[in-house]
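Examination of the molecular architecture
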Amino acid sequence: MKTDIILAGVGGQGILSIATVIGAAALQKNYYLKQAEVHGMSQRGGSVQSNLRISDRPIASDLIPLGSADLILSVEPMESLRYLPFLNRDGWLVTNEVPFLNITHYPDMERILSEIKALPHSVTLGADALAETCGSVKVSNMVMLGAAIPFLPFSEPEIEMAVRTIFGSKGEEVIETNLKAIRLGTDQSRSYMNP
Amino acid sequence: MQNDKKLLLGDDAVAQAAIDAGLSGIYAYPGTPSTEIMEFVQKSPDARRRNIHRQWSANEKTAVEEALGLSYVGKRSMVCMKHVGLNVAADAFINAAMTGVNGGLILVVADDPSMHSSQNEQDSRFYGKFAMIPVFEPSCQQEAYDMVFEAYALSEKYAVPVMMRLTTRMAHSRSGVSRRTLQDENSRSLPENPSRFILLPVNARRQYKNLLALQARFSEASLRSTFNQYMDGPDKSLGIVACGIAYNYLLENFENQNCPYPVVKIAQYPVPSELIQNMAATVKKILVLEEGYPFVEEQLNGIISNHYAVSGRLDGTLPRDGELSPDLAGKALGLTSRSVFPVSDSTVPRPPALCRGCGHIDMFSCISEVMKEIPDGLVFSDIGCYTLGALPPFSAIVSCVDMGASITMAKGASDGGVPVAAGVIGDSTFTHSGMTGLLDCILEKTPVTIIIGDNSTAAMTGGQDSSAYGRIEKICLGLGVEEDHLQVLTSLKKYHQENMEKLKKELLYQGVSVVVFRRECVQVAARRVRKG
Ligand SMILES: Cc1ncc(C[n+]2csc(CCOP(=O)(O)OP(=O)(O)O)c2C)c(N)n1
Ligand code: SF4
């Protein structure tokens, strides 16, 4: 078993929190894990990505080779396309549809979405609105994590346990909000794939 | 599999290992990708319980000297910095190799090939060789952890400082690491031969001979190091030298990490020449994979005869600049790449930008507007979030070179007759390397205006404590800035007009003036509120 994931987004959108939960889930199952993060300059509102690799056998490289990511999980639509050459031909692209507008010449949204839908395997969802129904747009990253569960080597209870480990110190309310967001994301993703 | 393991960044692994190896003090100035080493120690309960020194230093040079002082009294110390920090600390560092150490001293330098967050991609292994000390370069997080113990042992065995070189991917990648048991700290003890710390020529000459004599020992240590390995392979058409993390990129290209070629893995320097010679005797061609400059590749000439075809960064097999990747390693091995999705043409670059609500925005709005009226003026700048003032809509600054250079370059330009010369500098950068330049200006009454963007933190690197906090006015006045020409403004839109007028007046003043634009970084303020 090996799952290579590219997490994508804009600095400040919380992709590292997604990585932390997946990392904790991997540790619980005694999988090997390597996770290359981006810190520093680009965290100031620039493009950020993280390479996350999970396997039941030792992993060599911290970076994912071209054409071998099983999943691109993005919290922003344009950012999801930035790493396409890394996606395996059979891989999935799962992204939030809501653009993060901090640049002046953001490309045409329809073009972005049609390029995403032209891929063999993709899931798009409006994570921000779903997050708001959980009480805070801030958990849209967790909605996206939920949407990715069908493509991860973890069950929903395993991810839930990881969330409890990671957010344990923040209290039951925070945990529940995050779990709700994750469940909503998973449901959306499943119904998107099997309409 | 990973049972007892903790997920640690390469930086975290180094920090955890140092604590576990009996660290008594860590000294550092922040700098990507090294910052998390100090931050890990600052958060560690063990470090708190032992009261390990873990406060930021004013700059990298003071950090090295403080660590050397701690080592002098027999304790284990660590200094951390990014690669360019070592330029600042070079004097202390090179001379520490001359004096040697008492308690173990590890200097951790994190290089940034591809310049993700840096002004250049210099390779610190050259500094290690220049100072003639052992250098460690881990290939994975567990090795980084284990190495720290070896590095302390070697440092104390030969009484020399040792370097540990990380690169961005090693520093900022997480993996499972298992810990050893926590060791006691060294007890306090003074050096047996204290004169070696007094580098008068008579002692320095002796110390240099001593350092030269140690070189053979260091080579011996590299040869015997368990971190360096010669692994034979059935396919003798090629032999590979892979350093540090490049070893992983090599193995990634083979099913089950089974490389068919003979490989010399290097993770400790001086270069283990004998291992390379042994491999060379069995192969015709050699490929060198290393992150950074062609450090080993250039040395091969003196290690093996020049009839070997050597490929790497020098002959164009690998790019001369930028970091390596599994794909670049694969290409160098002549492997065919998979068919991949083409690069999307619907993406545009998304460069970093100042955060919404950042005080630097208000500062640059003033500067840009005032400078429109002074077309022959020049605004130099420095390194920090405020360097983003170089980008539109501000395009307000003409330089970003090295920490502190805004003030001194403005002085040089003023010396050259530029009527209005200014330097924009952050608070942390000011105490790192700006104060001495300001003193030069004051001594010569140079007509310059120093604009300090004071957000009470080193924001660019994630909001570490700034040594300038609460002291800027006192420092400026103490250095000799006239009270009438020290303005402290609040970086808020509602004061825009007022701030502009004050700034303009000081820019036109024919002497040294300092204008402080002050407002806390909004990210740090938000974090403070979150923590309550
Ligand atoms: C010699 C050296 N050390 C460290 C760094 C890394 N570095 C770049 S900016 C910065 C912080 C600057 O803080 P400040 O001057 O207060 O500006 P701010 O980012 O807060 O606006 C640091 C530590 C560097 N580039 N060069
Ligand atoms: S981190 Fe702070 S100083 Fe840097 S851009 Fe954001 S608000 Fe401004």
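A brief look at the structure comes next. From a predicted model like this one, the values you see are computed outputs, not experimental measurements. (Residues numbered from 1 in each chain as written. Chains lettered and ligands numbered in written order. Predicted model: local features only at pLDDT ≥ 70, side-chain atom pairs only at ≥ 80, totals over all residues. Heavy atoms only, no water.)

1. As for the overall build of chain B
The test is simple: Secondary structure elements follow DSSP: runs of H or I no shorter than four residues count as helices, runs of E no shorter than two count as strands, and numbering proceeds from the N terminus. The atom set for the radius of gyration is the C-alpha atoms, and the globule formula is 2.2 Å times the number of residues raised to the power 0.38. The contact definition used throughout considers only heavy atoms, calling two residues in contact when any of these lie within 4.5 Å. The method behind every accessible area is Shrake-Rupley, applied with a 1.4 Å probe, and residues are considered shielded solely by the protein chains displayed. Note on charges: Lys and Arg go in the positive column, Asp and Glu in the negative column, and His and the chain ends are not counted at all. Throughout, a charge is located at the NZ atom of Lys, the CZ atom of Arg, the CG atom of Asp or the CD atom of Glu.
Tallying secondary structure elements over chain B gives 19 helices and 18 strands in all. A compact globule built from 532 residues should have a C-alpha radius of gyration of about 24 Å, and chain B, at 25 Å, falls within 12% of that. Here the contacts in chain B between residues at least 6 apart in sequence split such that 78% fall between residues at least 24 apart. Total accessible area computed for chain B in this model is approximately 21600 Å², and 53% of it derives from carbon and sulfur atoms. Taking the 52 positively charged and 58 negatively charged side chains of chain B as two groups, their mean positions are separated by 4 Å.

2. Section: the site of ligand 1
All names here are of chain B. Keep this limit in mind: For each residue, the test is whether any non-hydrogen atom lies within 4 Å of the molecule or strand; if one does, the residue is near. We define a polar contact as two N or O atoms separated by no more than 3.5 Å, with the added condition that, inside protein, one atom must be a possible hydrogen donor and the other a possible acceptor, whereas residues neighbouring each other in sequence contribute only through side-chain atom pairs. Throughout this entry, Asp, Glu, Lys and Arg are counted as charged residues, while Ala, Val, Leu, Ile, Met, Phe, Trp, Tyr, Cys and Pro are counted as nonpolar. The remaining residues, Gly among them, count as polar.
Taken together, 26 residues surround ligand 1, and among them Glu 60, His 360, Thr 429, Asn 455 and Ala 459 come closest. Measuring from an oxygen atom of ligand 1, one finds a side-chain N or O atom of His 360 at 2.7 Å. Within the side chain of Asn 455, one N or O atom sits 2.8 Å away from an oxygen atom of ligand 1. Burial of ligand 1 by the protein amounts to 97% of the accessible area it has alone, namely 590 Å². Of all the elements in the fold, those that place two or more residues in the shell around ligand 1 are helix H5 (83-99) and helix H16 (427-444). In terms of residue count, the dominant contributor to the shell around ligand 1 is H16 (four residues). Class assignment of the residues belonging to the shell around ligand 1 gives a composition of 11 nonpolar, 12 polar and three charged.

3. Here we look at helix H4 (residues 60-72) of chain B
Side chains that are three or four residues apart share a direction in an α-helix, a result of its 3.6 residues per turn. Residues and elements named next belong to chain B. Selection criterion: Helix span, as expected, comes to 1.5 Å for every residue beyond the first.
The end-to-end C-alpha separation of H4 is 18 Å, in line with the 18 Å expected for 13 residues at 1.5 Å each. Residues of H4 that are buried sit in contact with strand E2 (23-28), strand E3 (76-82), H5, strand E4 (105-111) and H16. After H4 finishes, the residue Gly 74 shows a positive phi value of roughly 95°.

4. Section: the packing of aromatic side chains
Put simply, the test is: Note on aromatic contacts: the rings of Phe and Tyr and the six-membered ring of Trp form a pair at centre separations within 6.5 Å, being stacked when their planes are under 30 degrees apart, edge-to-face when over 60 apart, and tilted otherwise. Only protein chains enter the calculation, and the probe is 1.4 Å; a residue is then buried if its accessible area is under 20% of its type maximum, exposed if over 50%, and partly exposed in between. Note on geometry: a ring has a charge over it if NZ (lysine) or CZ (arginine) is within 6 Å of the ring centre and within 35 degrees of the ring normal.
In total, this model carries 12 aromatic pairs over all chains according to the counting rule given. An angle of 45° between the planes, with centres 6.0 Å apart, marks the rings of Tyr 31 of chain A and Phe 154 of chain A as tilted. On the criterion of sequence distance, the pair formed by Tyr 31 of chain A in the loop between helix H1 (15-28) and strand E2 (32-36) and Phe 154 of chain A in the loop between helix H5 (140-148) and helix H6 (156-167) is long-range, its members being 123 residues apart. By relative accessible area, which is 5% here, Phe 154 of chain A ends up buried. Consider the rings of Tyr 158 of chain B and Phe 218 of chain B, whose centres lie 5.7 Å apart with planes at 75°: the pair is edge-to-face. Remark: Phe 218 of chain B occurs in helix H9 (residues 201-224) and Tyr 158 of chain B occurs in helix H7 (residues 141-158); sequence separation between them is 60 residues. Both residues of the pair, Tyr 158 of chain B and Phe 218 of chain B, belong to the buried class. Of the aromatic side chains, those joined through ring pairs into one cluster are Phe 126, Tyr 269, Tyr 293 and Phe 295 of chain B. Here the basic side chain of Arg 180 of chain B rests over the ring of Phe 149 of chain B, its NZ or CZ set 4.2 Å away from the ring centre. We note Lys 265 of chain B situated over the ring of Tyr 247 of chain B; from NZ or CZ to the ring centre the distance is 5.7 Å.

5. Quick word on the nonpolar core
Residue and element names in this part refer to chain B. Keep this limit in mind: Put simply, a nonpolar core is a bunch of buried Ala, Val, Leu, Ile, Met, Phe, Trp, Tyr and Cys residues held in one set by side-chain atoms that sit within 4.5 Å of each other. What counts as a domain boundary in this text is fixed by an automatic or database domain assignment.
Judged by nonpolar contacts, the single largest core of 116 residues is most densely connected at Met 78, Met 164, Ile 240, Ile 276, Leu 289 and Val 296. Element by element, the count of residues in this core is highest for H7, at nine residues. Both of domain 1 (5-224) and domain 2 (229-332) provide at least three residues apiece to this core. When near neighbours in sequence (up to four residues on either side) are disregarded, Met 164 contacts Val 14, Ile 106, Leu 107, Val 108, Val 109, Phe 136, Pro 138, Ala 144, Met 147 and Val 148. The next biggest cluster of nonpolar side chains, apart from the first, holds 53 residues, and it includes Ile 397, Ala 410, Leu 438 and Ile 451.

6. Thoughts on empty space enclosed by the protein
Residues and elements named next belong to chain B. Put simply, the rule reads: In this analysis, the protein atoms alone were mapped onto a 1 Å grid. Cavities are point sets where a 1.4 Å probe fits without being able to get out; pockets are open sets with protein on both sides within 12 Å along at least five of seven lines; lining residues have an atom within 4 Å of a point. Grid points are joined across faces, edges and corners, and a volume is the space filled by probe spheres set on the points.
Taken as a whole and assessed by the stated rule, the structure comprises two cavities of 30 Å³ or more. Size it by volume and the largest cavity reaches roughly 60 Å³. If you trace the largest cavity, you find it lined by Cys 358, Gly 359, His 360, Gly 453, Asp 454, Asn 455, Ser 491, Phe 517, Arg 519, Glu 520 and Cys 521. Broken down by secondary-structure element, the contributors of at least two residues to the lining of the largest cavity are helix H14 (359-372) and strand E16 (448-454). For the lining of the largest cavity, the residue count by class is three nonpolar, five polar and three charged.

7. As for the layout of surface pockets
Roughly 810 Å³ of internal volume is contained in the second largest pocket. Lining the second largest pocket are 29 residues, with Arg 53 of chain A together with Glu 252, Asn 253, Phe 254 and Arg 338 of chain B positioned closest to its centre. Taken together, the elements giving at least two residues each to the lining of the second largest pocket come down to strand E1 (2-10) and strand E3 (47-55) of chain A together with helix H10 (246-252) and helix H13 (326-332) of chain B.

8. With respect to the interface of chain B and chain A
As a reminder of what qualifies: We define buried area as the total accessible area lost by two parts upon association, computed with a 1.4 Å probe and summed across both. Counted as salt bridges are all cases of a side-chain nitrogen of Lys or Arg within 4 Å of a carboxyl oxygen of Asp or Glu. One requirement defines pairing of two strands: DSSP has to find at least two bridges between them.
Listed per partner, the contact involves 52 residues of chain B and 57 residues of chain A. Between chain B and chain A, roughly 4700 Å² of surface is buried when both sides are summed, and carbon and sulfur atoms account for 53% of that area. One salt bridge in this structure joins Glu 37 of chain A and Arg 174 of chain B, with 2.7 Å as the shortest N-O distance. The tally of links between chain B and chain A comes to 24 residue pairs in polar contact (both at pLDDT 80 or more). Counting only elements with at least two residues in the side of chain B that touches chain A, the list comes to strand E1 (6-9), strand E7 (173-177), H10 and H13 of chain B. Within the side of chain B that touches chain A, the residues separate by chemical class into 23 nonpolar, 20 polar and nine charged. Bridge analysis of E2 of chain A against E7 of chain B gives three bridges, and the strand direction is antiparallel. Looking at the pairing, Ala 36 of chain A lines up with Ser 173 of chain B of E7 of chain B.

9. Some remarks on the state of the cysteines
Residues and elements named next belong to chain B. Put simply, the rule reads: For the purposes of this analysis, a disulfide is any pair of cysteine sulfur atoms at a distance within 2.5 Å.
Going through the model one piece at a time under the given rule, you end up with zero disulfides over all chains. Of all cysteine sulfurs, the one in Cys 385 lies closest to Cys 400, which takes part in no disulfide; the gap is 12 Å. You can call Cys 400 partly exposed: its relative accessible area is 33%. Not engaged in a disulfide, the cysteine Cys 476 finds its nearest cysteine sulfur in Cys 441; these two sulfurs lie 11 Å apart. Cys 476 gets classed as buried once you look at its relative accessible area, which sits at 0%.

10. Notes on the pairing of strand E10 (residues 263-266) of chain B
Residues and elements named next belong to chain B. Selection rule: Looking down the strands as they point away from you, a crossover is right-handed if its path from the first strand over the helix to the second goes clockwise.
Across the two faces of E10 the burial is the same, with Val 263 and Lys 265 and Val 264 and Ile 266 all buried. With four bridges connecting them, strand E9 (residues 239-243) and E10 associate as parallel partners. Note on E10: the bridge partner recorded for Cys 243 is Ile 266. The handedness of the E9 to E10 crossover, carried by H10, is right-handed.

11. Overview of the site of ligand 2
Neighbouring ligand 2 are Arg 44 of chain A together with Leu 354, Cys 355, Cys 358, His 360, Cys 385, Asn 455, Ala 459, Cys 521, Val 522 and Gln 523 of chain B. Proximal residues around ligand 2 fall on chains A and B, making this an inter-chain site.

12. A few points about unusual backbone geometry
All names here are of chain B. Of note, the amide linkage connecting Tyr 269 to Pro 270 takes the cis form, showing an omega dihedral of 15°. Here the amide bond leading from Pro 392 into Pro 393 is cis, since omega sits at 10°, within 30 degrees of zero. Structurally, Pro 393 can be placed in the loop between strand E14 (378-380) and helix H15 (405-415). Non-glycine residue Asn 256 carries a positive phi angle of around 55°. Within the secondary structure, Asn 256 sits in the loop between H10 and E10. The phi dihedral of Lys 445 is positive, around 50°, even though this residue is not glycine. Examined against the element boundaries, Lys 445 turns out to sit in the loop between H16 and E16.

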